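Fold and geometry: a report
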Amino acid sequence: MVVNRGTLSIGIKYCGGCNPLYDRVATAKKLEQKLRGKAVFVSPDNEELDLILAVQGCSRACADLSPFQGISIQAILRPEDASKALAHIIERARTGRRSSSEPILLSHVHREMRKKNDDISPSYARLLTGR
Amino acid sequence: MAMMTADQYEESLRQLNLVVYMFGKRVENTVDDPIIRPSMKAVAKTYQLAHRPEHEDIMTAISHLTGKKINRFTHVHQSVNDLVKKSKMGRLLGRETGCCFQRCVGMDALNALSIVTFNIDHKHGTPYHKRFNKYLEYVQENDLTCDGAMTDSKGDRSLPPHKQSDPDQYVHVVEERKDGIVVRGAKVHQTGAVNSHEIIVMPTVAMREEDRDYAISFAMPSDAERIVYIMGRQSCDTRKLEGANIDTGNVLFGGHEALVIFDNVLVPWDGVFMYKESEFASQLVESFAAYHRQSYACKVGVGDVLIGATQTVAEYNGVANASHVKDKIVEMNHLNETLYCGCIACASEGHREPSGTFNVDVLLANIHKHNVTRFPYEIARLAQDVAGGLVVTMPSEEDLRSRETGKWLKKYLKASRDVPTENRMRILRLIENLTLGTGAVSYLTESMHGAGSPQAQRIMIARRMNMAEKQRAAKKLCGIDGSE
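Residues numbered from 1 in each chain as written. Chains lettered and ligands numbered in written order. Predicted model: local features only at pLDDT ≥ 70, side-chain atom pairs only at ≥ 80, totals over all residues. Heavy atoms only, no water.

**Considerations on the overall build of chain A**
Here is the rule we go by: To qualify as a helix, a DSSP run of H or I must reach at least 4 residues; to qualify as a strand, a run of E must reach at least 2; elements of each kind are numbered from the N terminus. Relative accessibility under 20% of the residue-type maximum defines a buried residue, over 50% an exposed one, and the middle range a partly exposed one, all with a 1.4 Å probe and only protein chains included. The contact rule is simple, with two residues in contact once any of their heavy atoms fall within 4.5 Å. All accessible areas in this document rest on Shrake-Rupley with a 1.4 Å probe, and a residue is counted as covered only by the protein chains that are shown.
Along chain A, the regular secondary structure elements total four helices and four strands. Counting helices and strands in the order they occur from the N terminus, chain A gives β-α-β-β-β-α-α-α. In chain A, which comprises 131 residues, the proportion classed as buried is 42%. Looking at chain A alone, contacts between residues at least 24 apart form 65% of all its contacts between residues at least 6 apart. Approximately 7500 Å² of chain A is accessible, and the part contributed by carbon and sulfur atoms is 50%.

**Quick notes on the sheet that holds strand β6 (residues 172-177) of chain B**
All names here are of chain B. Quick note on the threshold: At least two bridges found by DSSP between two strands are what make those strands a pair. Inter-axis angles, ranging from 0 to 180 degrees, are taken between N-to-C directions of lines fitted to C-alpha atoms, where helices are fitted over the stretch in contact.
Reading across from one edge, β2-β1-β10-β11-β7-β6 is the order of the six strands in this open sheet, with mixed pairing throughout. Here the strands that pair on one side only, and so sit at the sheet edges, are β2 (25-27) and β6. Ignoring which end each strand starts from, the neighbouring axes of this sheet average 25 degrees apart. Bridging between strand β10 (residues 227-231) and strand β11 (residues 257-268) involves five bridges; their strand directions are antiparallel.

**Focus on the sheet that holds strand β9 (residues 216-221) of chain B**
Residues and elements named next belong to chain B. Strand order in this open sheet of four strands is β5-β8-β9-β12, and the pairing throughout is mixed. Lying at the two open borders of the sheet, with one neighbouring strand each, are β5 (146-149) and β12 (272-275). Neighbouring strand axes in the sheet, compared pairwise and without regard to direction, differ in orientation by 15 degrees on average. Here three bridges tie β9 to β12, and the two strands are oriented antiparallel to one another. Residue pairing in the sheet places Ser217 in a bridge with Met274 of β12. Across the face of the sheet, helix α5 (residues 104-124) comes into contact with β5, β8 (198-201), β9 and β12 while running at roughly 65 degrees to β5.

**As for the interface of chain B and chain A**
In many analyses, interface size is given as the accessible surface area lost on bringing the parts together. Which entries qualify depends on this criterion: By buried area we mean how much accessible surface two parts lose on assembly, using a 1.4 Å probe and totalling the loss over both. Each salt bridge in this description consists of a side-chain nitrogen of Lys or Arg and a carboxyl oxygen of Asp or Glu lying within 4 Å of one another. Polar contacts here mean pairs of N or O atoms no more than 3.5 Å apart (in protein, one a potential hydrogen donor and the other a potential acceptor; neighbouring residues in sequence count only if both atoms are side-chain atoms). Polarity classes work like this: nonpolar for Ala, Val, Leu, Ile, Met, Phe, Trp, Tyr, Cys and Pro, charged for Asp, Glu, Lys and Arg, and polar for all others, with Gly in that last group.
With 27 residues of chain B in contact, the opposing surface of chain A contributes 22 residues. Taking both partners together, chain B and chain A bury about 1800 Å²; carbon and sulfur atoms supply 50% of that area. Looking only at chain B, the three residues that lose the most surface to chain A are Glu54(B), Asp57(B) and Lys88(B), adding up to 28% of its buried area. Note that Asp57(B) is salt-bridged to Lys13(A), the shortest N-O span being 2.8 Å. At the boundary of chain B with chain A, the tally comes to six residue pairs in polar contact (both at pLDDT 80 or more). Elements supplying a minimum of two residues to the side of chain B that touches chain A: α3 (56-59), α4 (80-97) and α9 (323-348) of chain B. Of the residues assigned to the side of chain B that touches chain A, the class counts are seven nonpolar, nine polar and 11 charged.

**Looking at unusual backbone geometry**
Although it is not a glycine, Phe23(B) sits at a positive phi angle of roughly 50 degrees. The topology assignment puts Phe23(B) in the loop between β1 (20-22) and β2.

**Details of the packing of aromatic side chains**
All names here are of chain B. Applicable threshold: Only rings of Phe, Tyr and Trp enter the pairing, Trp through its six-membered ring, and a pair is recorded when the two centres are within 6.5 Å. The plane angle decides the type: under 30 degrees is stacked, over 60 is edge-to-face, the rest tilted. Counted as over-ring charges are cases with an Arg CZ or a Lys NZ within 6 Å of the ring centre that also lie within 35 degrees of the ring normal.
Under the criterion given, the structure shown has eight aromatic pairs over all chains. On the numbers, 6.3 Å between centres and 90 degrees between planes, the contact of Tyr170 with Tyr214 is edge-to-face. Of this pair, Tyr170 sits in the loop between β5 and β6 while Tyr214 is found in the loop between β8 and β9, placing the two residues 44 residues apart along the sequence. Accessibility expressed as a relative area gives 7% for Tyr214, which makes it buried. Site record: aromatic cluster; members linked through ring pairs are Phe132, Tyr135, Tyr138 and Phe273. The cationic tip of Arg91 hangs over the ring face of Tyr340; the distance from NZ or CZ to the ring centre is 4.5 Å. The ring of Tyr47 is capped by Arg103, whose NZ or CZ atom sits 4.0 Å from the centre of that ring.

**A short note on the pattern of salt bridges**
All names here are of chain B. Within the structure shown, the criterion is met by 36 salt bridges over all chains. As a salt-bridge pair, Arg14 and Asp32 come within 2.7 Å of each other at their nearest N and O atoms. Taken together, the positions of Arg14 in helix α1 (residues 6-14) and Asp32 in the loop between β2 and α2 (37-50) put the pair 18 residues apart, joining distant regions of the chain. Measuring nitrogen to oxygen at the nearest pair gives 3.2 Å for the salt bridge that ties Asp385 to Lys328. With a gap of 57 residues between them, Asp385 in helix α11 (residues 375-387) and Lys328 in helix α9 connect regions that are remote in the sequence.

**Some remarks on the packing of helix α8 (residues 298-317) of chain B against α11(B)**
Residues and elements named next belong to chain B. Formally: The cut-offs work like this: below 35 degrees is roughly parallel, past 145 is roughly antiparallel, 65 to 115 is roughly perpendicular, and the gaps in between are oblique. Should the near helix be turned anticlockwise from the far one by less than a right angle, the crossing is left-handed, and should it be turned clockwise, the crossing is right-handed.
Taken N-terminus to C-terminus, the directions of α8 and α11 make an angle of 15 degrees; their axes are 9 Å apart at the nearest point. Looking at the two axes, α8 sits roughly parallel to α11. Where α8 crosses over α11, the two elements pack in a sense that is left-handed. Residues Leu306, Thr310, Val313, Ala314 and Asn317 of α8 form the contact with α11, whose participating residues are Ile379, Ala380, Ala383, Val386 and Ala387. Taken together, the residues of the contact of α8 with α11 break down into eight nonpolar, two polar and no charged.

**A few points about the pairing of β11(B)**
Bridge count for strand β7 (residues 180-191) of chain B against β11(B) is 10 bridges, and the pairing is antiparallel. Considered in β11(B), the bridge of Lys187(B) is made with Val260(B).

**Brief notes about the nonpolar core**
All names here are of chain B. Put simply, the rule is: Joining through side-chain atoms within 4.5 Å is the link that ties buried Ala, Val, Leu, Ile, Met, Phe, Trp, Tyr and Cys residues into a set, and such a set is a nonpolar core.
Counting residues in each nonpolar core, the largest one holds 72 residues, and the members touching the most others are Val183, Phe218, Ile227 and Phe262. A per-element tally of this core places α5 first, with eight residues. If sequence neighbours within four positions are ignored, Phe218 has contacts with Val171, Val183, Ile199, Ile200, Val201, Phe262, Val267, Gly271, Val272 and Phe273. Counting 62 residues, the second largest nonpolar core, distinct from the first, contains Cys298, Leu339, Leu390 and Ala440.

**Some remarks on the confidence of the model for chain A**
To keep it simple, the criterion reads: Looking at any residue, its pLDDT shows the predictor's confidence there, from 0 to 100.
Per-residue confidence for chain A averages 82 on the pLDDT scale, and 77% of its residues sit at or above 70. Scored below 50 in pLDDT, residues 106-111 of chain A makes two contacts in the model with residues more than four places away or belonging to other chains.

And the structure:
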């Protein structure tokens, strides 16, 4: 997808939705509508991403974010988080910079991910990470 | 082809040349048959959701063989996280279909074989694991649905396979040829058999040396020559032929089982994964059973549907605020989430096998399935309690549509002022479907006997309950001599 300069490219990454506590897709769609002109939602597989919007169905927040190391993550765990995410994204689109309150994939998140994948074999880990 | 879409899956079934019988007649087109089609749609859902961004995190995995994204139903678990996602996938699909979506049994067969072929090779120097991995790659690359066929007809249950008066009561090899083996016998209760591209056969009981001709496992196309399918009946099945849809309860999905006959079927060697290594039969049975007992996570999803239906009918009837009704619905949730605890626990406590495949905790998988043999019955009882007797006395959709009777049904079956009578009839029919109609086949009786009847789980629990540690702890705390 071609994204205009000045428009944020946001990769939308959902958890698997095994038992979500709210309608994740509707929440994301509403957010997308409110961001029209400022951001476009694209596949998280897209190579050029300004931000990942992680839409988690519950506080377990199990969406696999490991492919997005170094990319800013804005998480939604409940519908109320959407307005916070909206404000952050609008600010980001306006300034072109990460706001100080915008979380990125922090080291403790990395640690959690490593823990989650601790049990996998080295060869499978190489397959997953491409390294 | 990496992952098929639902449409591609349906089209792929049309290319099969299955020999299927139902009501004594050959079914030429299973895909469009009104009784079978809802079950095909349930399997198709496993393909559809894998392509949806909001479900791909659960529905897909990365193949450890190719590094490609695949449907999780063709994946061999590479971590505890994979096992947990499998349980979650079961709940998701159970809730989305309200029935058995049939595809877990093949996944469980693939995982069990990935463990056991490795172990047989380690002992005997056989080529099964390499052969199996080649087959697995084929399944993954083509995103196939596999029927995992374990349960033999068994004949006289007091006798082992080789002592049966009819030797075909267990699937066995009748001829060994240069190009493969010829097998004969039958597998019963085969869920989703005619919606499958492949059939994976495994032994059904532990075996001794004398049973070696029965200690075989193999895979082959479901439409191979001389395989015959005879469809099982389900309670209320012919309602699907009536044209109206309210009375089917679940208007979108369903399940099916079939009796599968192997009438001297040739199995090429490249599909043979166990051949007369009788000492490994029990390992394959137990490994498959443990995975499949975990798979009853799906009943939590179906339970979600039944609980949702019960709350809805309580609201439609105007009794949702009655304290005893609220309490019954809390109890239904308690039972359903207890089931969920079991399927998550056996996955979270999983471990790596020598082959690299991750296996569930066998004790906890058996505990989970044992709960599944009980709790859905209580959930169903509570659903019928809250719904009321109209579940079984309500006139048909035809009567609702009739010019003569429709006005009376609309008048006398109306409850809450804001709810159309038709909606009340629909939700009651769904409860009927799940508690005594076609849906009850999978939600109740399959919960009882699928993946092994309750006693099979009690045997496994008895074997693994670690009594010595429990006794040590008890003796220590009450000061019995020598326990410290």
